Amino acid sequence: MRTTDYIIRTATPADVAPARAVMLDTVYRDFGTGYVPRWHGDIVDPDGAYLAPVRHTLLVAVDADGEVVATGALDSRGPVSPPNPAHVAERFPSGTTAQLRRVYVRPEHRRRGLARRLVDELLAFAVADGGYRAVYLHTDPAVTGAEPFWRSLAKVVHDEREDAGGGQGIVHFEVPLDGVTGGRGRDK
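The notes below deal with the structure included here.

Thresholds, definitions, all that
Residues numbered from 1 in each chain as written. Predicted model: local features only at pLDDT ≥ 70, side-chain atom pairs only at ≥ 80, totals over all residues. Heavy atoms only, no water. Helix = DSSP H or I, 4+ residues; strand = E, 2+ residues; numbered from the N terminus. Rg over C-alpha atoms; globule rule 2.2 N^0.38 Å. Buried < 20%, exposed > 50% of the residue type's maximum accessible area, 1.4 Å probe, protein only. Contact = heavy atoms within 4.5 Å. Areas by Shrake-Rupley, 256 points an atom, 1.4 Å probe, with all protein chains shown as cover. Core = buried A, V, L, I, M, F, W, Y, C linked by side-chain atoms within 4.5 Å. Arc of directions from axis to C-beta. Polar contact = N/O pair within 3.5 Å; in protein donor to acceptor, adjacent residues only side chain to side chain. Pairing = 2+ DSSP bridges. Axes fitted to C-alpha atoms, helices over the stretch in contact; angles between N-to-C directions.

### Considering the overall build of the chain
Here is step 1: The number of helices and strands found in the chain is 6 helices and 7 strands.
Here is step 2: When the elements of the chain are put in sequence order from the N terminus, they spell out β-α-α-α-β-β-α-β-α-β-α-β-β.
Here is step 3: A compact globule built from 188 residues should have a C-alpha radius of gyration of about 16 Å, and the chain, at 16 Å, falls within 12% of that.
Here is step 4: Oriented by its inertia axes, the alpha-carbon framework of the chain measures out at about 50 × 35 × 30 Å.
Here is step 5: A burial count over the chain gives 48% of its 188 residues as buried.
Here is step 6: By sequence separation, contacts in the chain at least 24 residues apart represent 67% of the contacts at least 6 residues apart.
Here is step 7: For the chain, the accessible area works out to roughly 8900 Å², and carbon and sulfur atoms hold 53% of it.

### Re the nonpolar core
Here is step 1: Within the largest apolar cluster, 30 residues are counted, with the highest numbers of intra-cluster contacts made by Leu-74, Leu-100, Leu-114, Val-119, Val-135, Trp-150 and Val-175.
Here is step 2: Contributing elements (two or more residues each) for this core: strand 2 (57–62), strand 3 (68–75), strand 4 (97–105), helix 5 (114–129), strand 5 (134–139), helix 6 (146–153) and strand 7 (171–175).
Here is step 3: Sequence-distant contacts of Leu-100, defined by excluding residues within four places in its chain, comprise Ala-73, Leu-74, Val-119, Leu-122, Val-135, Tyr-136, Leu-137, Trp-150 and Val-175.

### Things to note about helix 6
Here is step 1: Those residues of helix 6 that fall on the buried side of the exposure criterion are Ala-146, Glu-147, Phe-149, Trp-150 and Leu-153. Projected onto a plane normal to the axis of helix 6, the buried residues spread over an arc of 160° and lie on a single side.
Here is step 2: Taken together, the buried residues of helix 6 touch strand 4, helix 5, strand 5 and strand 7.

### As for the side chain of Arg-101
Here is step 1: Looking at the element boundaries, Arg-101 is found in strand 4.
Here is step 2: A relative accessible area of 17% places Arg-101 in the buried class.
Here is step 3: Of note is the side chain of Arg-101, whose polar atom sits 2.5 Å from the side chain of Asp-75.
Here is step 4: In this view, Arg-101 contacts Tyr-50, Gly-72, Ala-73, Asp-75 and Arg-77; residues no more than four positions away in its chain are not counted.

### Focus on the sheet that holds strand 1 (residues 7–10)
Here is step 1: With respect to topology, 7 strands assemble into an open sheet ordered 1-2-3-4-5-7-6, the strand pairing being mixed. The sheet terminates laterally at strand 1 and strand 6 (155–159), the two strands that pair on one side only. If you compare each strand with its neighbour and ignore which way they point, the axes differ by 25° on average.
Here is step 2: Inspection of the sheet shows strand 1 paired to strand 2 by 4 bridges, in the antiparallel sense. Along strand 2, the bridge assignment pairs Thr-10 with Leu-59.

Structure follows, in structure tokens:
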């Protein structure tokens, strides 16, 4: 399949279960942690976390067979300290920070531009909102391909591997909003 063989759209209530499956498969397979309630509560209730709040969104990538094969979400909650470093939490306060979350692509659909398309649409959503001043995300560099992907789109603001003791080993990023245009259609 080519990247144009996929549709990126706002998730509907009918997409919640298949989107949750993509997310759970990712945390079990790629992260090796499985479901951890304090980190993954939004996965259990994507409707409450992303569909219901006006300033939040959940996008899905759907293949030619109508199967949800990738997800991407955005919410208005900044990082919390702890477990994140205090200076990161202070730099990205809730309400004015759009946090990118759950940008996950099923392995057999990777390397086709889906994650980049999802991020582009999430950034357009943040710009169209008008209230976000920054876009934040964090990633686990142990996940294959995650760190290089985010480094191609964002600026590292803190790498916990450089902390004494290595922190949680997480890399924190800011995605520039410069040049992002809002108002692009989502049903692409």
